[in-house]
Amino acid sequence: MKLIYDAPTKQAAKAALEDFKNNWNHKYPYAIKSWEDNWEALTVFFEFPLEIRKIIYTTNLIENLNGKIRKYTKNKMSFPTDEAVLKSVYLALREATRKWSMPIQNWGIILNQFLTMFEKRVQL
């Protein structure tokens, strides 16, 4: 799958999907069919530069953050109010951000691309 994500163009990604299909269709036919059926929606990230694409399809950070939130909320059977849920999530986010020490690779390049593409939305 990495060859699909890392492909320089959408056409190259389609060729990588075909190679993946030839090698793995016997084991993962449903996953490959899902990719083929949803190709346009799944490949929207090719409209962005490579550095931004890596951020879009990398989910480790998101999964880690979801795990931190679950850690703070799983022991509660129910919350008395919506505000109590928000406070719990806020504390989880605050705790998670304290441990973030690894910078995003090529952040300067990525920030410049965001500033160019979304100049009205990105503010420094």
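Q: Help me understand the nonpolar core, please; the structure alone is not making it clear to me.
A: Most often, soluble globular proteins keep nonpolar side chains buried together rather than apart. Formed by Ile 4, Ala 7, Ala 13, Ala 16, Leu 17, Trp 35, Trp 39, Phe 45, Phe 46 and Tyr 57, the largest nonpolar core amounts to 10 residues. Of all the elements, helix 2 (residues 10-24) adds the most residues to this core, at 3 residues. Residues within four places of Ala 13 in sequence aside, it is in contact with Ile 4, Ala 7, Trp 39 and Phe 46.

Q: Would you take a moment to explain the packing of helix 6 (residues 60-73) against helix 7 (residues 82-98) for this structure?
A: Helix-helix packing: each pair is described by the crossing angle between the helix axes and the interaxial distance. Between helix 6 and helix 7, the shortest axis-to-axis distance is 9 Å and the interhelical angle comes to 130 degrees. By the criterion of interaxial angle, the relationship of helix 6 to helix 7 is oblique. Seen along the crossing, helix 6 lies across helix 7 with a hand that is right-handed. In this structure, helix 6 contributes Leu 65, Lys 68, Ile 69, Tyr 72 and Thr 73 to the contact, and helix 7 contributes Ser 88, Val 89, Leu 91, Ala 92, Leu 93, Glu 95 and Ala 96. By residue class, the composition of the contact of helix 6 with helix 7 is 8 nonpolar, 2 polar and 2 charged.

Rules used throughout
- Residues numbered from 1 in each chain as written.
- Predicted model: local features only at pLDDT ≥ 70, side-chain atom pairs only at ≥ 80, totals over all residues.
- Heavy atoms only, no water.
- Core = buried A, V, L, I, M, F, W, Y, C linked by side-chain atoms within 4.5 Å.
- Buried < 20%, exposed > 50% of the residue type's maximum accessible area, 1.4 Å probe, protein only.
- Helix = DSSP H or I, 4+ residues; strand = E, 2+ residues; numbered from the N terminus.
- Contact = heavy atoms within 4.5 Å.
- Axes fitted to C-alpha atoms, helices over the stretch in contact; angles between N-to-C directions.
- Parallel < 35°, antiparallel > 145°, perpendicular 65-115°, else oblique.
- Left-handed = near helix turned anticlockwise from the far one by under 90°.
- Nonpolar A, V, L, I, M, F, W, Y, C, P; charged D, E, K, R; others polar.

On their own, these measurements won't tell you what the molecule is for.
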